[in-house]
Amino acid sequence: MPESQTHSTELTSQYVAQVTGDLERNSKEQERIGVEIEALQEQLRALQHDHAVLVNMQQALGGASPAADAAPAAATSVPHQASAGPKHSKPKKVAATSAKKTAPKKPAAKASSVKASTAAAKPTLVELIRGHLEKQTEPRSAAEITTALTQAHPDRSVKTTVVRTTLEGLVAKSHAHRTKQGSSVFYTTAVTSEPAPAEPQQEAVAG
């Protein structure tokens, strides 16, 4: 009986160790996926912001003509419905609608220019991180990069976990290098004093 008891206790301890290891792996996997989800949500918010700005710009630039065409159609339907009224009222209504049509065009143009400037002034988090790394001569940790970006862009909520995930994505794409010093991880840009190749890419995109 003592042998069977010791055998069962050994099995129990093995199961406990296995379950404990599985729990640790599970919790670490949850943390990793949570960080990735947070990074994706940040990218999604940036894309949604850019999409809203682009839609407003499209409406202000190309979409202004359909709205202007719809306005006279609505204006012409009003006199038909009010046909029982005096005939002299029709020119007044047409004049009023034409004045209303011409008035909103100037504010729309101003709004589109303001929105265009705000869109240009708000790069994505990936662009901010890459730009910050390119300016640095020494490796930087995710916490240091987060602090620098928070100070440079106080209007944006930059989190260390999101920055670290973005940096790992840049490393995976060979856009950044990762070095480990003890328990700390530092990142550097993959572009080592060669900013020239960036210009032809911008020209190609512009072309």
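Within each chain, residues carry numbers counting from 1 in the order of the written sequence. With the structure being a predicted model, the display of local features is reserved for residues of pLDDT at least 70 and the display and counting of side-chain atom pairs for 80 or more, all residues being used for whole-chain, interface and lining totals. Think of the side-chain values as coming from all heavy atoms in the structure, minus any hydrogens and water.

**Things to note about the overall build of the chain**
A helix here means a DSSP run of H or I that spans at least four residues, while a strand means a run of E at least two residues long, and both kinds are numbered starting from the N terminus. Within the chain one finds eight helices and two strands. For the chain, the α and β elements follow one another from N to C terminus as α-α-α-α-α-α-α-β-β-α. Under the scheme applied here, a residue whose accessible area is under 20% of the maximum for its type counts as buried, over 50% as exposed, and between as partly exposed, the area being computed with a 1.4 Å probe on protein chains only. In the chain, which comprises 207 residues, the share counted as buried stands at 14%. The protein chains shown are the only cover counted for residues, whose accessible areas, like all others here, come from Shrake-Rupley with a 1.4 Å probe. Carbon and sulfur atoms form 59% of the exposed surface of the chain, whose accessible area is close to 15,100 Å².

**A word on the environment of Lys 122**
Structurally, Lys 122 can be placed in the loop between helix H4 (105–121) and helix H5 (125–135). Contacts of Lys 122, omitting those with residues within four sequence positions, involve His 49, Asp 155 and Arg 156. Throughout, a residue-residue contact means that at least one pair of heavy atoms, one from each residue, lies within 4.5 Å.

**What to know about the side chain of Arg 156**
Residue position: Arg 156 is located in the loop between helix H6 (142–152) and helix H7 (160–172). Other than its neighbours up to four places away in sequence, Arg 156 contacts Glu 42, Lys 122, Pro 123, Thr 124, Leu 125 and Leu 128.

**Concerning the pairing of strand S2 (residues 184–189)**
For a regular strand, side chains alternate in direction, first toward one face of the sheet and then toward the other. Note: two strands are recorded as paired if DSSP finds a minimum of 2 bridges between them. Here six bridges tie strand S1 (residues 176–181) to S2, and the two strands are oriented antiparallel to one another. Bridge pairing links Lys 180 to Val 185 in S2. Turn length for the S1-S2 hairpin, with the two strands adjacent in sequence and antiparallel, is two residues, and the turn residue Gly 182 shows positive phi of about 70 degrees.

**Describing the nonpolar core**
Residues belong to a common nonpolar core when they are buried Ala, Val, Leu, Ile, Met, Phe, Trp, Tyr or Cys residues joined through side-chain atoms within 4.5 Å. Leu 125, Ile 129, Leu 133, Ile 145, Leu 149, Val 163 and Leu 167 are the most contacted members of the largest nonpolar core, which has 15 residues in total. At the level of elements, H5, H6 and H7 are the ones that each hand at least two residues to this core. Residues in contact with Leu 133, not counting those within four places in the same chain, are Ile 145, Leu 167, Ala 176, Tyr 187, Thr 188 and Thr 189.

**Side note on unusual backbone geometry**
The general pattern is negative phi for most residues beyond glycine and trans for most peptide bonds. In the Ramachandran plot, Ser 174 falls in the positive-phi region, its phi being about 65 degrees despite a non-glycine side chain. With respect to the helices, strands and loops of the structure, Ser 174 is situated in the loop between H7 and S1. Residue class for Ser 174 comes out exposed when judged on its relative accessible area of 54%.

**Focus: the pattern of salt bridges**
Any Lys or Arg side-chain nitrogen located within 4 Å of an Asp or Glu carboxyl oxygen qualifies as a salt bridge. Counting across every chain of the model gives seven salt bridges. One salt bridge connects Arg 25 with Asp 22, and the closest N-O pair in it is separated by 2.2 Å. Taken together, the residues Arg 25 and Asp 22, both in helix H1 (residues 2–61) and three residues apart, mark about one turn of the helix. Of the residues examined, Arg 25 reaches a relative accessible area of 54% and is grouped as exposed. In this structure, Glu 38 and Lys 159 form a salt bridge, with 3.2 Å as the shortest nitrogen-oxygen distance. Within this pair, whereas Glu 38 is found in helix H1, its partner Lys 159 is found in the loop between H6 and H7, the two being separated by 121 residues in sequence. A relative accessible area of 47% means that Lys 159 is categorised as partly exposed. Via salt bridges that share partners, Glu 29, Arg 32 and Glu 36 belong to a single interconnected network.

**Some details on the packing of H5 against H6**
Throughout, an axis means a line fitted to C-alpha atoms (over the contacting stretch in the case of helices), and angles, computed between N-to-C directions, take values from 0 to 180 degrees. Direction vectors running N to C along H5 and H6 enclose 110 degrees, while the axes themselves pass 11 Å from each other. In terms of orientation, H5 and H6 fall into the roughly perpendicular class. Only Ile 145, Ala 148 and Leu 149 of H6 make contact with H5, whose side of the interface consists of Leu 125, Leu 128, Ile 129, His 132 and Leu 133. Gly counts as polar in this scheme, as do all residues outside two lists: the nonpolar Ala, Val, Leu, Ile, Met, Phe, Trp, Tyr, Cys and Pro, and the charged Asp, Glu, Lys and Arg. Here the residues of the contact of H5 with H6 sort into seven nonpolar, one polar and no charged. Throughout this description, any angle smaller than 35 degrees is read as roughly parallel, any larger than 145 degrees as roughly antiparallel, any in the 65 to 115 degree range as roughly perpendicular, and the remainder as oblique.

**Some details on the confidence of the model for the chain**
Known as pLDDT, the predictor's per-residue confidence is scaled from 0 to 100. Per-residue confidence for the chain gives a mean pLDDT of 74, with 62% of residues at or over 70. Long-range and interchain partners of residues 65–71, a stretch whose pLDDT sits below 50, account for two contacts in this model, where long-range means more than four residues apart. Here residues 193–207 scores under 50 on pLDDT; set against residues more than four positions off or in separate chains, the count is zero contacts.

**With respect to the environment of Val 171**
For Val 171, the location among the structural elements is in helix H7. Given the relative accessible area of 21%, Val 171 is considered partly exposed. Sequence separation between Val 171 and Tyr 187 is 16 residues, and the spatial gap between their C-alpha atoms is 8.6 Å. In this view, Val 171 contacts Ala 176, His 177, Arg 178 and Tyr 187; residues no more than four positions away in its chain are not counted.

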